[in-house]
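A structural walkthrough
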Amino acid sequence: TDLSVTLETDKPAFYVSLETKRLPGIFSDNMITLLPGKPVTLQFTPKKTDSVNSKMLSRSLRIKSLRDTY
């Protein structure tokens with residue numbers, strides 16, 4: 001079961017990456033650029049599909065961007 005995450009911003013965000021804490025799986029894309037007014041939807045495919053739901057993904061999700069590196 002794939003889960004989706006939609007990201008949007010009011011200011012440009014560069015090198016945006018998503019990761020999860022203790023929830024193994026992969027995102028359909030990573031290191032993206034977000035621009036105002038242009039939401040991006042990514043799919044998350046968990047390795048253990050039988051026990052993952054959107055609430056678990058939301059709690060585990062971490063979003064970082066270039067700005068977080070300095």
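Residues numbered from 1 in each chain as written. Predicted model: local features only at pLDDT ≥ 70, side-chain atom pairs only at ≥ 80, totals over all residues. Heavy atoms only, no water.

1. Remarks on the nonpolar core
Counting 14 residues, the largest nonpolar core has Leu7, Val16, Leu18 and Leu57 as the members making the most contacts within it. Those elements that provide at least two residues to this core are strand S1 (3-7), strand S2 (13-20), strand S4 (32-34) and strand S5 (40-46). Discounting chain neighbours no more than four positions away, the residues touching Val16 are Leu7, Asn30, Met31, Ile32, Leu34, Ile63, Lys64 and Ser65. (Core = buried A, V, L, I, M, F, W, Y, C linked by side-chain atoms within 4.5 Å. Buried < 20%, exposed > 50% of the residue type's maximum accessible area, 1.4 Å probe, protein only. Helix = DSSP H or I, 4+ residues; strand = E, 2+ residues; numbered from the N terminus. Contact = heavy atoms within 4.5 Å.)

2. Topic: the environment of Pro24
In this structure, Pro24 sits in the loop between S2 and strand S3 (25-27). Since its relative accessible area comes to 43%, Pro24 is described here as partly exposed. Taking C-alpha positions, Pro24 is 9.9 Å from Val52, a pair spaced 28 residues apart along the chain. If sequence neighbours within four positions are ignored, Pro24 has contacts with Phe44, Pro46 and Lys47.

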